[in-house]
Amino acid sequence: MAYRVITQVVLIGSRVLGRAFAEAYKQASASSQYQRAQARNPNAVNSTGRANLNTGMTLDEACKILNVKPAKDGKAADMEEVMERFKRLFDSNDPEKGGSFYLQSKILRARERLEAEIGPAVEKAEQEAEVKAGWNPKIFKDR
């Protein structure tokens, strides 16, 4: 009689566990498909309103934290201003000086978000300037 109860408990437990794993797999699969669809269509949501997956922060939020005005095309003003404000705010919120570690980490994430947004534009501008200037190799002559 006891073996029947034990067998039923094992079978019912395995059914419940199996259903739970199946449901978790369905949710993970749906989430993965949604993320791939979002990655394929970046114009679906405005890039300033969309949070970066690494930092979890929107471009507008990062600009507000570092008190940098976003330009008209959605990019931040310039990297020198961002770095100056980052250094000042990061140092003033140092926990050893009585600052907040939470605020310091938010400032760091804001800088990372702005760098991720500005970096490709800066690289593209440098490449265009290099192409415009033409190929000019440095030649070293022996005397």
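Definitions and limits used
- Residues numbered from 1 in each chain as written.
- Predicted model: local features only at pLDDT ≥ 70, side-chain atom pairs only at ≥ 80, totals over all residues.
- Heavy atoms only, no water.
- UniProt positions renumbered as here; feature names shortened; annotations may be inferred.
- Axes fitted to C-alpha atoms, helices over the stretch in contact; angles between N-to-C directions.
- Helix = DSSP H or I, 4+ residues; strand = E, 2+ residues; numbered from the N terminus.
- Parallel < 35°, antiparallel > 145°, perpendicular 65-115°, else oblique.
- Contact = heavy atoms within 4.5 Å.
- Nonpolar A, V, L, I, M, F, W, Y, C, P; charged D, E, K, R; others polar.
- Core = buried A, V, L, I, M, F, W, Y, C linked by side-chain atoms within 4.5 Å.
- Buried < 20%, exposed > 50% of the residue type's maximum accessible area, 1.4 Å probe, protein only.
- Salt bridge = Lys/Arg side-chain N within 4 Å of Asp/Glu carboxyl O.
- Left-handed = near helix turned anticlockwise from the far one by under 90°.
- Phe/Tyr/Trp six-rings, centres within 6.5 Å; stacked < 30°, edge-to-face > 60°.
- Lys NZ or Arg CZ within 6 Å of the ring centre and 35° of its normal.

Looking at an unreviewed UniProt entry, the protein chain carries the name Mitochondrial import inner membrane translocase subunit TIM16, with the source organism given as Lasiosphaeria ovina. The Subcellular location (unreviewed entry) field of the UniProt record for the protein chain holds the comment "Mitochondrion inner membrane".

(A) Region of the structure containing the packing of helix α3 (residues 79-92) against helix α4 (residues 101-133). Orientation of α3 relative to α4, taken along the N-to-C sense of each, is 170°, at an axis distance of 10 Å. Comparing the axis directions of α3 and α4 gives the class roughly antiparallel. Seen from α3, the contacting residues are Met-79, Val-82, Met-83, Phe-86, Leu-89 and Phe-90; seen from α4, they are Gln-104, Ile-107, Leu-108, Arg-111, Leu-114, Glu-115 and Ile-118. Its residues placed into classes, the contact of α3 with α4 shows 10 nonpolar, 1 polar and 2 charged.

(B) Expanded view of the nonpolar core. In terms of nonpolar packing, the biggest core is built from 13 residues, with Ala-62, Leu-66, Val-82, Ile-107, Ala-110 and Leu-114 touching the most fellow members. Breaking this core down by element, the ones donating at least two residues are α2 (59-66), α3 and α4. With near-sequence residues (within four places) excluded, Ala-110 lies in contact with Met-57, Ala-62, Ile-65 and Leu-66.

(C) Highlighting the pattern of salt bridges. Applying the stated criterion to the full structure yields 5 salt bridges. Note that Glu-81 is salt-bridged to Arg-85, the shortest N-O span being 3.3 Å. In this pair, Glu-81 and Arg-85 both sit in helix α3, 4 residues apart, roughly one turn of the helix. Here Glu-81 falls in the partly exposed class, since its relative accessible area comes to 24%.

(D) The arrangement of unusual backbone geometry in detail. Residues other than glycine seldom take positive phi values, yet Asn-67 does so here, at roughly 55°. Relative to the helices and strands, Asn-67 resides in the loop between α2 and α3. Judged by relative accessible area, Asn-67 falls into the exposed class, the value being 57%.

(E) Here's a closer look at the packing of α2 against α4. Between α2 and α4, the least distance of the axes is 9 Å, while the angle of their chain directions is 125°. Classified by the angle between their axes, α2 and α4 sit oblique to one another. Crossing geometry of α2 relative to α4 is assigned as left-handed. Across the interface between the two elements, Leu-59, Glu-61, Ala-62, Cys-63, Ile-65 and Leu-66 from α2 touch Lys-106, Ile-107, Ala-110, Arg-111, Arg-113, Leu-114 and Glu-117 from α4. When the residues that make up the contact of α2 with α4 are grouped by side-chain class, the tally is 8 nonpolar, no polar and 5 charged.

(F) Just the environment of Leu-103, in detail. Here Leu-103 is to be found in helix α4. Judged by its relative accessible area of 41%, Leu-103 falls in the partly exposed class.

(G) Spatial organisation of the packing of aromatic side chains. Counting across every chain of the model gives 1 aromatic pair. Ring geometry for Phe-86 against Phe-90: centres 5.2 Å apart, planes inclined by 35°, an arrangement best described as tilted. Here the residue Phe-86 and the residue Phe-90 both occupy positions in helix α3, the gap between them amounting to 4 residues, near one helical turn. For Phe-90, a relative accessible area of 25% translates into the label partly exposed. In this arrangement the basic side chain of Arg-111 is found over the ring face of Phe-86, its NZ or CZ atom lying 4.5 Å from the centre.

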